[in-house]
Amino acid sequence: MNGETAAGLLSEFDLETQTEVLPDPVGSNQDELLVLGIETSCDETCAAILRGKDNVLANVISSSADLHARYGGVVPEVASRAHVQAVNPAIAEALRRADLTLWDMNAVAVTVGPGLVGSLVVGVAAAKALASVLEVPLLPINHLEAHIYANFLDHPNFGPPAVGLIVSGGHTLLVHMPAHGLYEVLGETLDDAAGEAFDKVARYLGLGFPGGPAIDQMALGGNKRAIDFPRAVLHKGYDFSFSGLKTAVQDYLRKQEKQGKEVKLEDVCASFQEAVVDVQVTKTIKAAQSLGVSTVFVSGGVASNSRLRELMSAMCAENDLKLHYPSPEYCTDNAAMVACCGHFRYIRGIRADSSISADPNLHLA
Amino acid sequence: MLVLGIETSTPAASVTIGSEQGIIASSLVTRGAGPGDFLLPAIEFLMEQSGLSYRNLSAIAVGLGPGLFTGMRVGVATAKTLAQALSVPIVGASSLDLLAFDVRYSDKLICPVFDAKRKEVFFAFYRQVPGGITRESSYMVGSPERLMAEIQGSGEDFLLVGNGALLYRDPLERVDKVEFGSMAYAFPRAASLVELALPRLFMEDYDRLFDIEPHYMRRSDAEINWERSMQRKNR
Ligand SMILES: [Zn+2]
């Protein structure tokens, strides 16, 4: 969490004991390397095929979100069952779109964690079976690392050293990436993930699930300064907290109802969103400046939030920082980012064998 | 016809390679890291030891449960993906059927019982017929007391097998006319899966790759709770 020096950093070499490092396996053929990516860490069953480091030949996403909508959140058992049904059709569809066969693949990359264990095991089982039959390397990928690598898909010039946010329904992390495969987690949420806060507030407002896009849309017509919601600016370092803000929204709604005042949903959404985004942007910029890093990224489902992009762009421009964020299709969970992370792993010679397993609590560093 | 059988729906993860000429290689592990870790290394080991490769396989057979959710998913996802990659047919079988088939040499009513956790068991009733077994009940999930009531109600002699029968032996033993199978038959095995799959494969009675699913028998808690809350609302 607070490793200030290189000695405090953990690398993937330390994290995965089953991996072995081989000398340069592909040499000059890196641009032709075909990696099949599989991602099943939450409620989306994803398969993708990547040629080289950024040529996405197919990016298939089969979501079970509709099945979860009535429960107001992802139900792990429902998600796991959906993955068993969807993973093989997703792989077949990716191959069809890329006009390739499984036997063309040079490696199989799969998310092994963090995530829902019942969901992860499905993708991992499929990937292990494929790598074993095809006799190609199996590349175990950290989901959070994959979110960072999503930036390579749109920005060939992206690269470490960089500082950025990974913000989604499951995660809120401020990360320093000094080099490929090296990460330092500067800050994390102490309670809800940012996306979770969006989902919960959307539920209070009756806007349905998932809440992020609904609030983003509603906020466009609202005044972000209408209600002064609290910013949880924690004194210690770069950690985040959203539970106080969530409660403040509830309190506000209750107070308005008691006083018989009308609630303008647009204003609530805009003001709530501003409170979330403000803290995230401020801390990211501060981290980049204090580490002397000039590249900033924003990844994860919440990275497609329009206000986060707007404010982050403005603040980065003001502070002379280069900002990268993936296009919307690579912000939410997808397997192209997993394949991309796998590509960089492969060319660094990192391999695993069929004894790898899902790790729902896998850490980035 | 070389068949790879995968059965991981109970704490016993089991893999067998066999054909109509017999079982070639088989393994079973009931503890350790779990089917997710065991399965692929076990398949690779059996292939290597028997001098076979994936390209020799003609079909994949898989035990569908009922059983432990994660085990069933690992087994089914692995089996489906192998069948997809190798472009070979897949057939699924109930894991209760497999265990009943193993102990079919009895005139009693045969009842495989799996521990379903949460103080419940999965079970079904079978009878020996020439060349195999026939199932005489639906697949059921319920308390050991419910199983006892079913047994008493039928008035027949019973052979109870499986880890659920052994776990609840104490209450179940109080019922008359009940005999228990040995611990050698505590779990379904991939060897009987291969044996049961072969006739279906010869008749080209395959399952559809994208449709085959674990035999969950229970809905998720969230679904059950949601339905209850809807019923309350509608009342
Ligand atoms: Zn994610």
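See the structure above.
Keep in mind it's a predicted model, so treat the numbers as computed, not measured.

K.L.:
Is there a simple way to think about the overall build of chain B in this case?
P.N.:
When helices and strands are tallied, chain B shows eight helices and 12 strands. Relative to the 2.2 N^0.38 estimate, which gives 18 Å for 235 residues, the radius of gyration of chain B is 18 Å and therefore close to what a compact globule would have. For chain B, with 235 residues in total, the buried portion stands at 53%. The contacts in chain B between residues at least 6 apart in sequence include a share of 62% that link residues at least 24 apart. When the accessible surface of chain B is split by element, carbon and sulfur atoms take 49% of a total near 10600 Å².

K.L.:
Which parts of the structure should I look at to understand the interface of chain B and chain A?
P.N.:
Accessible area lost when the parts come together is the quantity often used to give the size of an interface. Across the boundary between the two partners, chain B contributes 30 residues, which contact 29 residues of chain A. With both sides pooled, the region where chain B packs onto chain A buries about 2700 Å², and carbon together with sulfur makes up 63% of that total. Remark: the boundary between chain B and chain A carries one salt bridge. A:Glu77 serves as the salt-bridge partner of B:Arg73, at 2.9 Å between the closest nitrogen and oxygen.

K.L.:
Got a minute to help me understand the coordination of the zinc ion in this structure?
P.N.:
Think of it this way: four donors in a tetrahedron around the metal ideally sit 109.5 degrees apart, and six in an octahedron ideally sit 90 or 180 degrees apart. Residues and elements named next belong to chain A. Those protein atoms acting as donors to the zinc ion are His143 (NE2), His147 (NE2) and Asp333 (OD), and they sit at 2.0 to 2.1 Å. In the primary structure, the donors to the zinc ion are separated according to the pattern H-x3-H-x185-D. Linking His143 in helix α5 (residues 143–154) with Asp333 in the loop between α11 (328–331) and α12 (336–347), this pair joins segments that are 190 residues apart in sequence. Accessibility classification places His143 together with Asp333 in one group, the buried group.

K.L.:
Would you explain the packing of helix α6 (residues 194–204) of chain A against helix α7 (residues 211–219) of chain A in this entry?
P.N.:
All names here are of chain A. Closest axis-to-axis distance for the α6/α7 pair is 8 Å, and the angle between their directions is 65°. By the angle between their axes, α6 is roughly perpendicular relative to α7. Considering how the two elements wind past one another, α6 and α7 form a crossing that is left-handed. Where α6 abuts α7, its residues Phe198, Asp199, Val201 and Ala202 lie against Gly211, Gly212 and Ile215. Grouping the constituent residues of the contact of α6 with α7 by class yields four nonpolar, two polar and one charged.

K.L.:
Whenever I open this one, the nonpolar core confuses me. Can you help?
P.N.:
For soluble globular proteins, nonpolar side chains are generally found buried alongside one another. Ranked by size, the top nonpolar core spans 71 residues in total, and within it B:Ile43 and B:Ile60 carry the most contacts. Setting aside anything within four residues of it in sequence, one finds B:Ile60 in contact with B:Leu4, B:Ala79, B:Leu82, B:Ala83, B:Leu86, B:Val88, B:Pro89, B:Ile90 and B:Val91.

K.L.:
What exactly am I supposed to notice about unusual backbone geometry here?
P.N.:
Backbone geometry follows two general trends: most residues other than glycine have a negative phi, and most peptide bonds adopt the trans configuration. With an omega of -5°, the peptide bond between A:Gly113 and A:Pro114 qualifies as cis. Take A:Pro114: it is sitting in the loop between β6 (107–113) and α4 (117–134). Omega for the peptide link from A:Phe209 to A:Pro210 comes to -5°, which places this bond in the cis form. As for its placement among the helices and strands, A:Pro210 is situated in the loop between α6 and α7. Of note in the backbone geometry, B:Lys119 takes a positive phi value of approximately 60° without being a glycine. Along the polypeptide, B:Lys119 turns up in the loop between β6 (109–115) and β7 (121–123).

K.L.:
Is there a simple way to explain the side chain of A:Ser299 in this structure?
P.N.:
Residue and element names in this part refer to chain A. Along the chain, Ser299 falls in strand β11 (residues 295–299). Exposure remark for Ser299: the relative accessible area of 0% places this residue in the buried category. Within polar-contact distance, the side chain of Ser299 engages the side chain of Asn151 at 3.0 Å. Aside from chain neighbours lying at most four places away, what touches Ser299 is His147, Ile148, Asn151, Leu165, Ile166, Val167 and Pro326.

K.L.:
Hey, could you run me through helix α4 (residues 144–154) of chain B in this one?
P.N.:
For an α-helix, 3.6 residues make a turn, and residues three or four places apart therefore share a direction. Residues and elements named next belong to chain B. For α4, the complete set of buried residues consists of Pro144, Leu147, Met148 and Ile151. Down the axis of α4, the buried side of the element spans an arc of 100°, and every buried residue falls inside it. Buried positions along α4 lie against β6, β7, β10 (140–142), β11 (158–161), α6 (169–172) and β12 (178–180). Directly beyond the C-terminal end of α4, a positive phi value near 70° is found at Gly155.

K.L.:
Explanation requested: the packing of aromatic side chains in the structure shown.
P.N.:
Two aromatic rings are characterised by how far apart their centres lie and by the angle between their planes. Applying the stated criterion across every chain, the model contains 11 aromatic pairs over all chains. Judged by centre distance (6.3 Å) and plane angle (5°), the ring pair of A:Phe240 and A:Phe242 falls under stacked. The buried category is assigned to A:Phe240, whose relative accessible area is 1%. For A:Phe242, a relative accessible area of 3% puts it in the buried group. Centroid distance B:Phe125 to B:Phe158: 5.0 Å. Interplanar angle 70°. Geometry classified as edge-to-face. Residue B:Phe125 is located in the loop between β7 and β8 (126–129), and its partner B:Phe158 is located in strand β11; the two are separated by 33 residues in the primary sequence. Since its relative accessible area comes to 0%, B:Phe158 is described here as buried.

Rules behind the numbers
Residues numbered from 1 in each chain as written. Chains lettered and ligands numbered in written order. Predicted model: local features only at pLDDT ≥ 70, side-chain atom pairs only at ≥ 80, totals over all residues. Heavy atoms only, no water. Helix = DSSP H or I, 4+ residues; strand = E, 2+ residues; numbered from the N terminus. Rg over C-alpha atoms; globule rule 2.2 N^0.38 Å. Buried < 20%, exposed > 50% of the residue type's maximum accessible area, 1.4 Å probe, protein only. Contact = heavy atoms within 4.5 Å. Areas by Shrake-Rupley, 256 points an atom, 1.4 Å probe, with all protein chains shown as cover. Buried area = accessible area lost by both parts, 1.4 Å probe. Salt bridge = Lys/Arg side-chain N within 4 Å of Asp/Glu carboxyl O. Donors = N, O, S within 2.8 Å, 3.2 Å for Na, K, Ca; no water. Axes fitted to C-alpha atoms, helices over the stretch in contact; angles between N-to-C directions. Parallel < 35°, antiparallel > 145°, perpendicular 65-115°, else oblique. Left-handed = near helix turned anticlockwise from the far one by under 90°. Nonpolar A, V, L, I, M, F, W, Y, C, P; charged D, E, K, R; others polar. Core = buried A, V, L, I, M, F, W, Y, C linked by side-chain atoms within 4.5 Å. Polar contact = N/O pair within 3.5 Å; in protein donor to acceptor, adjacent residues only side chain to side chain. Arc of directions from axis to C-beta. Phe/Tyr/Trp six-rings, centres within 6.5 Å; stacked < 30°, edge-to-face > 60°.

Scope: geometric values only; no functional claims are made or implied.
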